[in-house]
Structure formats: C-alpha cells, structure tokens
2 protein chains.
Amino acid sequence: MDVVRSVKSMRDIVREWKRDGEKIGFVPTMGYLHKGHISLIKALKGIVTRKVVSIFVNPIQFCPGEDFERYPRDEERDLGVCREEGVDVVFIPSTSEMYPEGFQTYVEVENISKGLCGTARPGHFRGVATVVCKLFNIIQPDVAVFGRKDAQQALLIQRMVKDLNLDVDVIVVPTVREEDGLAMSSRNMYLSPEGRRRASAIFSALRCGADVILGGERDPSCVARKIRQAMEDKVDKVEYIELRTYPGFAPMDKLAGKVLVATAVWIEGARLIDNIVVDIEAGEIEL
Amino acid sequence: MDVVRSVKSMRDIVREWKRDGEKIGFVPTMGYLHKGHISLIKALKGIVTRKVVSIFVNPIQFCPGEDFERYPRDEERDLGVCREEGVDVVFIPSTSEMYPEGFQTYVEVENISKGLCGTARPGHFRGVATVVCKLFNIIQPDVAVFGRKDAQQALLIQRMVKDLNLDVDVIVVPTVREEDGLAMSSRNMYLSPEGRRRASAIFSALRCGADVILGGERDPSCVARKIRQAMEDKVDKVEYIELRTYPGFAPMDKLAGKVLVATAVWIEGARLIDNIVVDIEAGEIEL
C-alpha cells in the first residue's frame with residue numbers, strides 16, 4: 001500500500017493505472033476511520049481493480065467556531081485499517097497542497113445545499129462540493145462511494161457529478177450502526193459514556209417517526225413533532241428534524257412516496273446527524 | 001470529421017481515444033468562427049493527435065438584456081471552417097443537453113471574476129467557468145486553447161484549472177486583429193460600415209496608452225485618461241479602462257512589471273473588448 005501526499009505523485013499513479021486499463025474506486029474520508037468507512041471500502045469489492053482512500057480534514061467545509069481543530073485524527077490507525085481492507089493508495093494531502101496561496105475557485109450546488117445541515121452550517125456544502133470535485137479530478141475514479149448517513153451530502157455529490165459531467169459512478173451505501181442503533185461517526189468519540197448512552201435516542205426517535213408514517217400519518221410537522229418528543233429528554237438540543245422527498249429532496253405538505261427523515265442534534269457539544277428513508281408505498285424503512 | 005450533439009456520444013469517442021493513447025486538443029467556442037478562432041485551432045498543430053472544437057452559445061454567461069438571442073450563429077459555415085482546419089470532432093450540444101432540468105451546480109472563481117468585464121456583467125464569469133468546467137469534463141482534453149482578446153477569461157480559466165486540479169494544459173494565444181488593428185470578434189458583425197471604421201479607435205487608443213507607459217508614465221489613472229481621450233470621440237460609451245498586473249490581475253497604484261491594459265466600449269449597441277500587455281522592463285508591447 002502506498003501513502004501519497006502530493007497531487008503530482010497521485011496523478012502519476014493514476015496516469016499509469018489509466019494506461020494499464022485499471023478501474024479505480026475511491027472513498028473520500030476525513031480519517032479516524034470506523035466501520036462506516038470500512039463498509040464504503042468494502043462496497044468497492046469486485047467492481048474495481050484499484051482502491052484509493054483519501055484522508056483529508058477539509059478546512060473549508062467547517063464553519064468558524066466548529067470542530068475543525070479538535071476533529072479526531074489518527075493516521076497510523078487509519079493506515080492499518082486501509083491496509084487491512086486491501087487499499088492500494090491512501091492519499092493524504094496537506095492543507096497547503098489542496099489550497100495553495102491564491103486559491104479562489106469554489107463549486108456550489110445551489111438548491112441541495114440549502115436547508116437541513118446547510119442552514120446551520122453556511123458554506124459547509126460549498127466546501128464539500130469543492131473538495132470532492134478536486135479529489136475526483138486528481139484521482140479520476142470510475143466509482144466513488146459515500147455513506148447514506150450524510151444523506152444530503154450524498155445527494156449533493158450525485159447532483160454535482162451530473163451537473164458538471166464528471167465521469168464517475170457514485171454509489172451510496174447504507175448507514176452502519178452501533179448495536180443500539182447509533183449511526184457510526186467519528187464525532188461519537190466526543191461523547192462521555194453517559195452522552196453515548198443518551199445518543200441512542202436519535203435512532204429510536206427516527207424509527208418511531210417511521211412507525212408513525214407507516215401507521216398512516218401524512219402530515220410532516222406532526223411526524224417531526226413525534227420525533228422531537230421521542231428524543232428531547234435525551235439530547236441537549238434538537239437542531240432540526242426535516243422530512244423531504246427522496247431522492248428529490250423537496251419539502252412536502254403531505255407525505256408520499258419515499259420520504260427522507262433527517263435530524264441533527266447536539267449532545268455534550270457534539271453535533272450528531274442521522275436519517276432514515278421511509279418508503280410509504282412499499283411499507284418499508286431504509287436505514 | 002464528426003459532428004456530435006450528445007454528451008454520451010462525445011464521451012464514447014473520448015474513451016476510445018484515451019484507450020488508444022491519443023492526445024486531445026480542445027478549442028471551446030460560441031461559433032461564428034473567425035480568424036481568431038482559427039488561430040486557436042492552429043495552435044494545436046503538432047502538439048495533439050486529436051482536435052475537438054465545441055460550438056455552444058452558453059446562455060448562463062449572458063446577463064438579462066444582453067445579446068444571447070441575437071448572437072450570430074452559422075453552423076454550416078463553422079463546420080466548413082473546422083473541416084478546413086483538420087478538426088476531428090465538432091461538439092455542438094443543445095442547451096437542454098448542457099443544462100437539463102434540475103441543473104444547479106456552478107463554478108465560481110472569486111477574485112478574478114471581479115472587476116473589468118465582471119462588473120458590468122454580473123454572473124458572466126460564473127457562467128464561463130461552469131461551462132468550461134463541464135466541457136473539460138466531457139472532452140477531457142490534454143490541451144485547451146483560449147484567446148488573449150478575452151484576457152480576464154483566460155486568466156480565470158487558468159486559475160480554475162489550477163484550483164480544481166483539472167488535468168489540462170491551458171494555452172493562451174495572441175489576439176488576431178483586422179488590418180486596422182480591431183480585434184477579431186464575432187460581435188464585430190453587429191457594426192455598420194461607419195461603426196466598423198470608428199471601432200479601429202479602440203486598438204489605437206490602447207497603443208497610445210502603451211506608448212505613454214513606455215514613455216515613462218507610471219500613474220495608472222493618468223494612462224487610463226489618455227486612452228479615454230484617444231477614443232472617446234469615436235465610441236458611443238467607454239465602459240471601463242483598467243490597468244492590472246499581468247498575469248497576477250491585481251490593481252496597482254504605480255505601474256511596474258507586466259501591465260494588462262484592458263478596455264470595454266460600446267459602438268452601435270455592440271459591446272467590444274480589447275487589451276494589450278505592456279512589459280515595462282523589456283520595453284515591449286504584447287498584443
């Protein structure tokens with residue numbers, strides 16, 4: 001496994017791979033890899049011949065006052081995980097390698113970046129779209145994998161790929177959860193044991209919302225209220241509970257079709273997000 | 001020579017070329033090809049094995065009330081020119097092929113898009129950056145050629161390529177001029193014979209400004225005033241006369257190094273731009 005830190009070296013490897021007809025799979029991450037990330041890497045199995053994981057805590061997707069500085073980092077452990085998963089190259093650029101002096105070009109996905117996480121985190125999705133566009137151009141993957149835990153992000157990337165004619169297949173894989181349902185996240189490590197116990201309420205509340213929908217409720221604000229009631233004792237603050245069409249991402253007056261039920265909450269200074277998709281016609285829940 | 005109208009067909013050709021190790025050269029245009037465009041195509045000679053010209057009057061780079069509707073179009077003549085120049089593929093997508101329903105992703109180059117043409121044409125450079133990014137992703141050129149007549153545009157594309165890690169060499173070629181010095185432009189056809197005669201004042205005024213600089217003047221506003229005086233009787237309106245560092249594109253209090261001297265004027269409802277670069281140390285003018 002190679003560890004590559006410069007854009008130029010990464011490009012050289014990619015050029016050689018392309019010349020040899022290799023099919024490149026790519027998983028972009030901010031490191032501190034957990035089982036969610038591992039499931040993204042595993043999703044490439046059998047569909048590509050080369051696997052690249054990037055580790056880059058992208059400063060431009062953090063807002064002022066957010067956790068950029070304290071975001072957990074553990075390169076040695078991450079490299080072990082990648083080696084274990086048969087990754088060919090881990091790309092770990094520095095901030096100045098990605099954003100050299102004079103950098104001034106940004107990618108904006110206008111509608112999907114609004115609402116939900118986009119409301120509390122202005123500029124966040126611009127930072128995400130920009131860094132992913134850059135990484136796609138450097139690594140030129142045939143396939144890239146994203147997790148459904150960040151549902152808005154996954155939709156945004158799919159839209160960007162389509163709109164900018166990037167030649168990449170984007171695969172979105174289900175959220176990986178702890179035994180009590182908490183979605184895997186590098187930010188879970190911010191929680192104390194007590195906070196960690198409370199955090200399981202997020203997923204149970206979403207499940208409860210799904211049951212309410214499948215039980216016949218079609219009013220989104222009524223469902224959101226039920227979800228809020230189911231977790232408000234356990235979390236320190238509910239940032240949003242939103243219901244949108246999926247994958248269309250449009251607000252609804254009356255629930256129908258596939259519904260994305262998404263939330264962001266705060267526990268002990270950690271901002272945690274989760275979502276599920278309820279398929280009303282099929283009577284099914286996608287986690 | 002192939003004429004291709006869909007992104008998918010263009011991609012299929014590009015994939016085959018890449019597999020065969022072809023080196024792709026690309027000239028993006030809005031059609032109505034003149035000697036300036038031909039010089040862009042000729043610049044590819046000997047450095048690539050395949051040549052693609054795109055013809056697309058890009059609606060998102062026109063502001064409301066501008067000349068999008070009446071912008072000259074002559075596909076048959078353009079195809080003849082491309083055939084003559086040994087172009088392999090002419091890519092002529094429709095507006096809906098480039099901007100299908102739901103399109104919402106834009107590329108912004110923040111600083112270079114401000115000032116000069118960016119002031120009078122808000123959104124223009126966002127439209128340019130977005131369409132060029134899309135075309136680069138579709139055609140995946142090794143080399144792309146732009147004209148120095150649109151100096152701000154060329155700098156913007158170079159910055160975007162660098163910032164988004166697009167794997168393209170951008171070549172900028174000198175402005176091609178009529179015998180009386182008027183820069184070649186598809187918009188020159190808007191002029192009556194009388195307006196056409198007046199339009200030669202733009203280039204003479206820039207030359208006069210260059211002479212003033214080379215004569216020792218270092219105050220940009222003084223140079224701009226001289227240029228204005230040299231052409232204000234001949235044009236209907238001067239939109240801007242600006243002096244910037246080249247290629248840095250920074251405003252200056254005191255002229256030094258290489259200076260971009262750029263102007264936009266209006267004659268008979270046509271907006272015409274031109275520029276020259278004065279190399280103070282070398283005592284030379286680049287046209």
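Everything that follows concerns the structure shown earlier in this document.
Since the model is a prediction, treat every value here as computed from it, not as a measurement.

Conventions we followed
- Residues numbered from 1 in each chain as written.
- Chains lettered and ligands numbered in written order.
- Predicted model: local features only at pLDDT ≥ 70, side-chain atom pairs only at ≥ 80, totals over all residues.
- Helix = DSSP H or I, 4+ residues; strand = E, 2+ residues; numbered from the N terminus.
- Rg over C-alpha atoms; globule rule 2.2 N^0.38 Å.
- Buried ≥ 20, exposed ≤ 12 C-beta atoms within 10 Å, placed from the backbone.
- Contact = placed C-beta atoms within 7 Å.
- Core = buried A, V, L, I, M, F, W, Y, C linked by C-beta atoms within 7 Å.
- Least-squares fit on C-alpha atoms with pLDDT ≥ 70 in both.
- Expected span 1.5 Å × (residues − 1).
- Nonpolar A, V, L, I, M, F, W, Y, C, P; charged D, E, K, R; others polar.
- Pairing = 2+ DSSP bridges.
- Axes fitted to C-alpha atoms, helices over the stretch in contact; angles between N-to-C directions.
- Parallel < 35°, antiparallel > 145°, perpendicular 65-115°, else oblique.
- Left-handed = near helix turned anticlockwise from the far one by under 90°.
- Arc of directions from axis to C-beta.

A. Looking closely at the overall build of chain A. When helices and strands are counted, chain A shows nine helices and 11 strands. Taken over the C-alpha trace, chain A has a radius of gyration of 19 Å; the compact-globule value for 287 residues is 19 Å, and the two agree within 12%. The dimensions of chain A, computed from C-alpha atoms along their principal axes, are 55 × 40 × 40 Å. Each of the 287 residues in chain A was classed as buried or not, and the buried ones make up 43%. For chain A, long-range pairs separated by at least 24 residues make up 69% of all intrachain contacts whose partners lie at least 6 apart in sequence.

B. Examining the nonpolar core more closely. Counting 168 residues, the largest nonpolar core has I139 and I202 of chain A together with I139 and I202 of chain B as the members making the most contacts within it. When neighbours within four sequence positions are excluded, I139 of chain B is seen to be in contact with M10, V14, I24, F26, V52 and F91 of chain B.

C. Spatial organisation of the relation of the copies chain A and chain B. Superposing chain A onto chain B takes a rotation of 180 degrees combined with a translation of 0.0 Å along the rotation axis, leaving an RMSD of 0.0 Å. Accordingly, the operation relating the two chain copies is best matched by a two-fold axis. The C-alpha atom lying nearest the rotation axis in chain A is that of V107 of chain A; the distance is 2.3 Å. Here 100% of the contact residues of chain A are again contact residues in chain B; the copies associate through an equivalent surface.

D. How the structure looks around helix 6 (residues 124–139) of chain B. Residues and elements named next belong to chain B. Here helix 6 contains 16 residues, and its C-alpha end-to-end distance of 22 Å stays within 8% of the 22 Å for a straight helix at 1.5 Å per residue. Across the 16 residues of helix 6, 15 count as buried, placing the element largely inside the fold. Positive backbone phi, approximately 45 degrees, marks Q140, located one or two places after helix 6.

E. Seen up close, the interface of chain A and chain B. The interface is formed by 22 residues belonging to chain A together with 22 residues belonging to chain B. Those elements that place two or more of their residues in the side of chain A that touches chain B are helix 1 (7–19), strand 5 (105–109), helix 6 (124–139) and helix 7 (151–163) of chain A. If you tally residues by element for the side of chain A that touches chain B, the top one is strand 5 of chain A, at five residues. Among the residues making up the side of chain A that touches chain B, the classes are represented as 10 nonpolar, five polar and seven charged. Both strand 5 of chain A and strand 5 (residues 105–109) of chain B contribute to a ladder of five bridges, which runs antiparallel. Along strand 5 of chain B, the bridge assignment pairs V109 of chain A with T105 of chain B.

F. Quick peek at the sheet that holds strand 3 (residues 50–55) of chain A. Residues and elements named next belong to chain A. The six strands lie next to each other as 1-4-3-2-6-7, forming an open sheet whose pairing is parallel. Each end of this open sheet is capped by a strand with a single partner; those strands are strand 1 (2–4) and strand 7 (169–173). Sheet twist, expressed as the average angle between the axes of neighbouring strands with direction ignored, equals 25 degrees. Of the strand pairs in this sheet, strand 1 and strand 4 (residues 89–91) are connected by three bridges, and their pairing is parallel. The partner of V4 across the bridge, within strand 4, is F91. Its contacts with the sheet put helix 1 on strand 1, strand 2 (24–29), strand 3 and strand 4, and the angle it makes with strand 1 is roughly 130 degrees. In the packing of helix 6 onto the sheet, contacts are made with strand 2, strand 3, strand 4 and strand 6 (143–147), and the angle to strand 2 comes to roughly 150 degrees.

G. Quick peek at the environment of P251 of chain B. Within the element layout of this structure, P251 of chain B appears in the loop between strand 8 (237–245) and strand 9 (258–267). On the basis of neighbour count, P251 of chain B is assigned to the exposed category, with 10 C-beta atoms found within 10 Å.

H. Geometry of the packing of helix 6 of chain B against helix 7 (residues 151–163) of chain B. All names here are of chain B. Where helix 6 contacts helix 7, the two axes come as close as 10 Å, and the packing angle between them is 50 degrees. One way to sum up the angle between helix 6 and helix 7 is to call them oblique. By crossing handedness, the relation of helix 6 to helix 7 is classed as right-handed. Residue-level inspection shows F125, V128, A129, V132 and C133 of helix 6 in contact with helix 7, the latter providing Q153, L156, I157 and M160. Residue composition of the contact of helix 6 with helix 7, by class: eight nonpolar, one polar and no charged.

I. Quick look at the sheet that holds strand 8 of chain B. All names here are of chain B. Taken in spatial order, the four strands make up an open sheet running 8-9-10-11, and their pairing is antiparallel. Both outer strands of the open sheet, strand 8 and strand 11 (284–286), are each paired with one neighbouring strand and no more. Direction aside, neighbouring strands of the sheet carry axes that sit 20 degrees apart on average. Note: strand 10 (residues 270–279) against strand 11, three bridges, orientation antiparallel. Across the sheet, residue D279 finds its bridge partner in strand 11, namely E284.

J. Looking closely at the pairing of strand 6 of chain A. Residue and element names in this part refer to chain A. With four of five residues buried, strand 6 is to be regarded as a mostly interior element. As defined by bridge partners, strand 2 adjoins strand 6 across two bridges and the pair is classed as parallel. Residue pairing across strands places G25 opposite V143, the latter belonging to strand 6. Direction of pairing for strand 6 relative to strand 7: parallel, over a ladder of five bridges. When the bridges of strand 7 are listed, F146 appears paired with V172.

K. Region of the structure containing the packing of helix 8 (residues 193–214) of chain A against helix 9 (residues 220–231) of chain A. Residue and element names in this part refer to chain A. The geometry of helix 8 relative to helix 9 is characterised by a closest axis approach of 8 Å and an angle of 150 degrees between their N-to-C directions. Seen along the crossing, helix 8 lies across helix 9 with a hand that is right-handed. Facing A201, I202, S204, A205, L206, C208, G209, V212 and I213 of helix 8, the residues of helix 9 in contact are V223, K226, I227, A230 and M231. Looking at the contact of helix 8 with helix 9, its residues break down into 11 nonpolar, two polar and one charged.

L. Structural context of helix 2 (residues 35–42) of chain B. Residue and element names in this part refer to chain B. Along helix 2, the residues that are buried comprise G36, H37, L40 and I41. Angular distribution of buried residues about the axis of helix 2 spans 145 degrees; they occupy a single face of the element. On its buried face, helix 2 sits against strand 2 (24–29), strand 3 (50–55), strand 6 (143–147) and strand 7 (169–173).

M. Local environment of unusual backbone geometry. All names here are of chain A. Across the junction of Y246 and P247, the peptide omega takes the value 5 degrees, indicating a cis bond. Mapped onto the elements of the fold, P247 is located in the loop between strand 8 (237–245) and strand 9 (258–267). Here the phi dihedral of Q140 falls at roughly 45 degrees; this positive angle occurs in a residue that is not glycine. By secondary structure assignment, the location of Q140 is in the loop between helix 6 and strand 6. With 22 C-beta atoms counted inside 10 Å, the residue Q140 sits in the buried group.

That's the geometry; what it means functionally is another story.
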